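Coordinate inspection notes
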Amino acid sequence: MASPAARFEAMLSNIMLTDKERTKAIDTHTYMRDQLERRRHWIKETFLTGSYKRETAIRPLNDVDFFCVVDPDWARGKTPAHIQREVQRVLQEIYPRTTVDRQKHSLGVDFRSQTTNYDVIPAVPTRGYYQIVHRESGDGEFILSNPDAVEREKVAANSQGGPGGRMLQMIRLTKHWNTKNRKRVKNFHLELLCYKAAALLASCSNNREACCRLFQFLSFEVVKDCFVPEQFATHIYSLPATEFC
């Protein structure tokens, strides 16, 4: 019989994406991004973002996010809703038999034959940031976003968070726990809080100890409001302490 330590390490491996999932995601997002850039001159580039890019996604892979950067001259004078509709039109040309939904910030491409959805985020570059759509109703509004800032936070935390990519392992573990417990907290919220625990994890002698200390840390931090790095007027609200118990 495997030891508790061995079973724990096996569980950490089992929640990682499989080679098959990675290959399918790479094939799909590469084709989609290539088609977007080819079909309209005003689509300047696309780049991956989100947990898939940061290597913190867990099985099953629910979504892959990427920015679709449009020409700011083309976008000038257009409403957020108009820009979103134009990108939606291109996606529907690429996938005429697939549902493309307009969401708060993105366009959701839902392949019914796959478990993975693809979220395309129209973005207008401006002064080192990106304007992205925030649409509750009507034409919506633009908010400023900087996905590179979150990526830098992840890289710094992972380098400080102990050997063998422990930080990324612990982030995936907390997301797995959250998914099994009705997602009481946003996964992105947990990931940002984990970054703050890098020094704590580095001092642990093994992953089991790191897990225990991380959840102790999260039980205190999750009740505080959490701000997204270098993102304007954007924060994730705290959770009542009793909800995390």
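In this report, we go over the structure that sits alongside the text.

1. Quick word on the environment of Ala 198
With respect to the secondary-structure elements, Ala 198 resides in helix α9 (residues 198-202). Separated by 72 residues in the primary sequence, Ala 198 and Thr 126 have C-alpha atoms spaced 32 Å apart. Look past the residues within four positions of Ala 198 in its chain and what remains in contact with it is Ala 157, Gln 160, Gly 161 and Met 167.

2. Details of the packing of aromatic side chains
Scanning the entire structure with this criterion turns up eight aromatic pairs. Taking the centre distance of 5.6 Å and the plane angle of 80° together, the rings of Phe 67 and Tyr 130 count as edge-to-face. You can see Phe 67 sitting in strand β2 (residues 63-70) and its partner Tyr 130 sitting in strand β6 (residues 129-134), a full 63 residues away along the chain. Given a relative accessible area of 3%, Phe 67 falls into the buried group. Where Trp 177 meets Phe 215, the ring centres are 5.5 Å apart and the plane angle is 80°; that geometry is what we call edge-to-face. Pair noted here: Trp 177 is in helix α7 (residues 166-180) and Phe 215 is in helix α10 (residues 207-221), with a separation of 38 residues, a long-range link. Under the relative-accessibility criterion, Trp 177 is labelled partly exposed at 22%. Grouped by ring-pair contacts, the aromatic residues Tyr 31, Tyr 95, Phe 111 and Tyr 118 constitute a single cluster. The ring of Trp 74 carries the charged tip of Lys 78 above its face, separated from the ring centre by 4.6 Å.

What counts as what
Residues numbered from 1 in each chain as written. Predicted model: local features only at pLDDT ≥ 70, side-chain atom pairs only at ≥ 80, totals over all residues. Heavy atoms only, no water. Helix = DSSP H or I, 4+ residues; strand = E, 2+ residues; numbered from the N terminus. Contact = heavy atoms within 4.5 Å. Phe/Tyr/Trp six-rings, centres within 6.5 Å; stacked < 30°, edge-to-face > 60°. Buried < 20%, exposed > 50% of the residue type's maximum accessible area, 1.4 Å probe, protein only. Lys NZ or Arg CZ within 6 Å of the ring centre and 35° of its normal.

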